[in-house]
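Chain by chain, the residues:
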Amino acid sequence: MFLKKTIAALAAGCLAFSLASCSNSESSSEAGGSTQSANYITARGSEPQNPLIPGNTNEVGGGNIVDLIYSGLVYYDADGNTHNDMAESIDLEGEKTYRVTLKDGITFSDGSPVTSESFVKAWNKVVEDSMLTADFFEPILGFKDGAASMEGLKVVDDKTFTIELNQPEADFPTRLGYSAFYPMHESAFDDLAAYGENPIGNGPYKLAEWNHNKDAIIVPNEEYKGDRVPKNDGVQFVFYAKGDAAYSDLLAGNLDVTDLIPDSAFSTFEQELGDRAVNQPAAIFQSFTIPERLPHFDGEEGQLRREALSYAINRDEITSTIFGGTRTPATDFTSPVIPGQTDQLKGADVLKYNPEKAKELWAKADAISPFEGSVKISYNADGGHQAWVDAVANSIRNTLGVEAVGDPYPDFKSLRDEITNRTIDSAFRTGWQADYPSLGNFLTPLYSTGGGSNDGDYSNPEFDSLLKQAAGAPNPEEANVFYNQAQEILLKDLPAIPLWYANVTGGYSENVDNVVFSWKSVPVYYEITKK
């Protein structure tokens, strides 16, 4: 959900890494959680990794709570569109400075005012303490890990502050709905750890109870003056260790909402839940990357082989057979839930299964230099990837008549160490989950020259130029035009082979209505109502 990193694992029964953390209780009854004293919505959750500090929360267990007890300058609706929340306006002054004006009368849940200082001081604290989300402040002038303050942040008055960036960033205002940019109450700076156990937020809910390793209860915040007004009495997050236990409680009517279907129920949950089943694309992109330094994969020969491999993969069959339809074949390098995404990019046919075309291109590459060895796709064995990697390898082998195999590493760390050190000698699985709803978030970190997550060391000046034009565009809509032009270059060069989008799978009981899952795979909790 939150990290500006590659996806660690899509583990069987639980999305590993920050997509979800498996918690420590078996079911609502086994957990021994709080007895409901109100008509709460009960939802599957997991024990937060850390105290509930926005800038130090980057996993779903804590993130789902943080996103409801705090509010940022903007928020994202279910479709990923951005709306003002605490901000009255965010205006561009010059090329790279934003002037933020806060709404009148906004307060924390204790009634104390939310001011410019509440934002600026919180953001500087994230950087000073090198919290988990500190890198999100890199675009701001004066950012340096561990710095006490950033010179690009200036308080004008209680309702106004300015943000000066290092360079133009058209989608910067869009990023401001991410939890790293939430404000904090003045009491937070006295004792952050203690504050995180009982935070005073400014969101639509406030924390009522946190029973560690059991549950957490949030109730409506009467002081909240934004658009995300709760339509229920509160939400009780019940912490489960296993997705199967949560799903059993859902079927029994003891749980209202789950955002995870265990793999054991992939083939049955849509039939069992009917129109209460959720299976829709999420902001998660899966691929495998082929470094240009590998033999046979640079220059004209490399381009032909990349195209051939892409045409040789039967994505429709694999997503249906291996994933039970819980993945959607990719048509680009981003995600269909991100504003501006399109499935009509020039060159996107390379992502469709075409064995004849694949053989033709591979033969052309062999005419340049006969292929030797095998096509290896490395993956971490602890992430539940073997089945699909083997399926992709089989599709390549059966189509092209070359040896293609999966290459398992024992764990995520050992795989990532070799990728980071550039000692890996094969293609390798890669993935990305959006930090904020922008096409640029899927493109710049992964494929720009020197990008922080550019594991294949891809470099194309024309691509970089389009990213720069997108960053300098006057608004996200015009930026998207450049981003999609940049994607058409990627579809030619194929620094990574797009595979599919991971769907969010979930469901809800007969006891609730108005359950919608958002662009980032999370139920819109404040909209859920009890029957």
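The structure presented is a predicted model; accordingly, all values stated were derived computationally and were not measured.

A.B. asks: Before we go on, may I ask you to explain the packing of helix 14 (residues 461-471) against helix 15 (residues 476-493) in this structure?
C.D. replies: Angle between the axes and distance between the axes are the two parameters that describe a pair of packed helices. Across the interface, helix 14 lies against helix 15 with an axial gap of 8 Å and an inter-helix angle of 165°. In terms of orientation, helix 14 lies roughly antiparallel with respect to helix 15. The chirality of how helix 14 crosses helix 15 is left-handed. Touching Glu462, Phe463, Leu466, Leu467, Gln469, Ala470 and Ala471 of helix 14 are Ala479, Phe482, Tyr483, Gln485, Ala486, Ile489 and Leu490, all from helix 15. Residues of the contact of helix 14 with helix 15, tallied by class, amount to eleven nonpolar, two polar and one charged.

A.B. asks: Please explain the pattern of salt bridges as it appears in this structure.
C.D. replies: A side chain of one charge can pair with a side chain of the opposite charge when the charged atoms of the two come close. Taken as a whole and judged by the stated rule, the model has 23 salt bridges. Between Asp366 and Arg305 there is a salt bridge; the shortest N-O distance is 2.8 Å. Pair noted here: Asp366 is in helix 10 (residues 355-368) and Arg305 is in helix 8 (residues 299-311), with a separation of 61 residues, a long-range link. Classification of Asp366 by relative accessible area gives partly exposed; the value is 27%. Take Arg305: its relative accessible area is 0%, and that puts it in the buried class. The partner of Glu360 in a salt bridge is Lys364, with the nearest N and O atoms 3.5 Å apart. Here the residue Glu360 and the residue Lys364 both occupy positions in helix 10, the gap between them amounting to four residues, near one helical turn. Look at the salt bridges and you will find they share partners, linking Glu169, Asp171 and Arg175 into a network.

A.B. asks: Got a minute to help me understand the domain arrangement of the chain in this structure?
C.D. replies: Interfaces are often sized by the amount of accessible area the parts lose when they come together. For the chain, the domain assignment lists domain 1 (71-186) and domain 2 (281-503). Relative placement of domain 1 and domain 2: their C-alpha centres are 34 Å apart. The partner domain 2 presents 14 residues to the twelve residues of domain 1 that form the contact. Taken together, the two surfaces of domain 1 and domain 2 that pack against each other cover about 970 Å², and 62% of this comes from carbon and sulfur. For the domain 1 face of the interface with domain 2, the top three residues by lost area are Ala170, Asp171 and Thr174, together amounting to 44%. Where domain 1 touches domain 2, the interface holds zero salt bridges.

A.B. asks: What am I meant to see in the side chain of Ser378 here?
C.D. replies: Looking at the element boundaries, Ser378 is found in strand 14 (residues 375-380). Among the polar contacts listed, one links the side chain of Ser378 to the side chain of Asp407, at a separation of 2.9 Å. Contact partners of Ser378, with chain neighbours within four places excluded, come to Asp407, Tyr409, Leu415, Ile424, Ser426, Ala427, Phe428 and Arg429.

A.B. asks: Help me understand unusual backbone geometry, please; the structure alone is not making it clear to me.
C.D. replies: A positive phi is found at Leu494, a non-glycine position, where the angle reads about 45°. For Leu494, the position within the fold is in the loop between helix 15 and strand 17 (496-508). Judged by relative accessible area, Leu494 falls into the buried class, the value being 0%. Of note in the backbone geometry, Ser521 takes a positive phi value of approximately 75° without being a glycine. Here Ser521 shows up in the loop between strand 18 (512-513) and strand 19 (529-530).

A.B. asks: Looking at this model, I keep getting lost on the UniProt feature "domain: Solute-binding protein family" (unreviewed entry) in the chain. Mind explaining?
C.D. replies: Annotation from UniProt places "domain: Solute-binding protein family" (unreviewed entry) at residues 83-453. When the span residues 83-453 is considered, its composition is 28% helix and 22% strand, and the gap between its end C-alpha atoms is 29 Å.

A.B. asks: Sorry if this is basic, but what is going on with the environment of Phe137 here?
C.D. replies: Looking at where Phe137 falls in the secondary structure, it is placed in the loop between helix 3 (116-128) and strand 6 (153-157). As for Phe137 and Leu400, which are separated by 263 residues in sequence, their C-alpha atoms are 46 Å apart.

A.B. asks: When you look at the nonpolar core in this model, what are you seeing that I'm missing?
C.D. replies: One finds Leu73, Trp123 and Tyr447 to be the most contacted residues of the largest nonpolar core, which totals 140 residues. With eight residues, the single largest contributor to this core is strand 17. A domain split of this core shows at least three residues from each of domain 1 (71-186) and domain 2 (281-503). If sequence neighbours within four positions are ignored, Trp123 has contacts with Leu73, Phe137, Ile140, Met150, Leu153, Phe161, Ile163, Leu176, Ala180, Phe181 and Tyr182. One finds Tyr247, Leu250, Phe269 and Ala277 within the second-largest nonpolar core, a separate group that totals seven residues.

A.B. asks: What's the story with the sheet that holds strand 6 in this structure? I'm lost.
C.D. replies: Backbone hydrogen bonds hold the strands of a sheet together, and the pairing may be parallel or antiparallel. Taking strand neighbours across the sheet as the criterion, the four strands line up as 4-5-7-6 in an open arrangement whose pairing is antiparallel. In the strand order of this sheet, the two ends are held by strand 4 (87-93) and strand 6, each with one partner. Ignoring strand direction, the axes of neighbouring strands in this sheet form an average angle of 20°. Looking at chain direction, strand 5 (residues 97-102) and strand 7 (residues 160-164) are connected through five bridges and run antiparallel. Bridge assignment links Val100 to a residue of strand 7, and that residue is Phe161. Each of strand 5, strand 6 and strand 7 is contacted by helix 3, which is oriented at about 165° to strand 6, the strand it contacts most.

A.B. asks: What is the right way to look at the environment of Leu345 in this model?
C.D. replies: By secondary structure assignment, the location of Leu345 is in the loop between strand 13 (327-329) and helix 10. Along the primary structure Leu345 and Arg327 are separated by 18 residues, whereas in three dimensions their C-alpha atoms are 20 Å apart. Contacts of Leu345, omitting those with residues within four sequence positions, involve Asp332, Asn484, Gln487, Glu488 and Leu491.

A.B. asks: Before we go on, may I ask you to explain the packing of aromatic side chains in this structure?
C.D. replies: Each pair of aromatic rings is reported with the distance of its centres and the angle of its planes. Taken as a whole, this structure holds 18 aromatic pairs when the rule is applied. Considering the side-chain rings of Phe237 and Tyr525, the 5.1 Å spacing of their centres and the 80° angle between planes classify their relative orientation as edge-to-face. A residue pair is termed long-range when its members are at least 10 positions apart, and Phe237 in strand 10 (residues 235-239) and Tyr525 in the loop between strand 18 and strand 19 qualify at 288 residues. Tyr525 matches Phe237 in its accessibility class, with the two residues each being buried.

What counts as what
Residues numbered from 1 in each chain as written. Predicted model: local features only at pLDDT ≥ 70, side-chain atom pairs only at ≥ 80, totals over all residues. Heavy atoms only, no water. Axes fitted to C-alpha atoms, helices over the stretch in contact; angles between N-to-C directions. Helix = DSSP H or I, 4+ residues; strand = E, 2+ residues; numbered from the N terminus. Parallel < 35°, antiparallel > 145°, perpendicular 65-115°, else oblique. Left-handed = near helix turned anticlockwise from the far one by under 90°. Contact = heavy atoms within 4.5 Å. Nonpolar A, V, L, I, M, F, W, Y, C, P; charged D, E, K, R; others polar. Salt bridge = Lys/Arg side-chain N within 4 Å of Asp/Glu carboxyl O. Buried < 20%, exposed > 50% of the residue type's maximum accessible area, 1.4 Å probe, protein only. Domains from an automatic or database assignment. Buried area = accessible area lost by both parts, 1.4 Å probe. Polar contact = N/O pair within 3.5 Å; in protein donor to acceptor, adjacent residues only side chain to side chain. UniProt positions renumbered as here; feature names shortened; annotations may be inferred. Core = buried A, V, L, I, M, F, W, Y, C linked by side-chain atoms within 4.5 Å. Pairing = 2+ DSSP bridges. Phe/Tyr/Trp six-rings, centres within 6.5 Å; stacked < 30°, edge-to-face > 60°.

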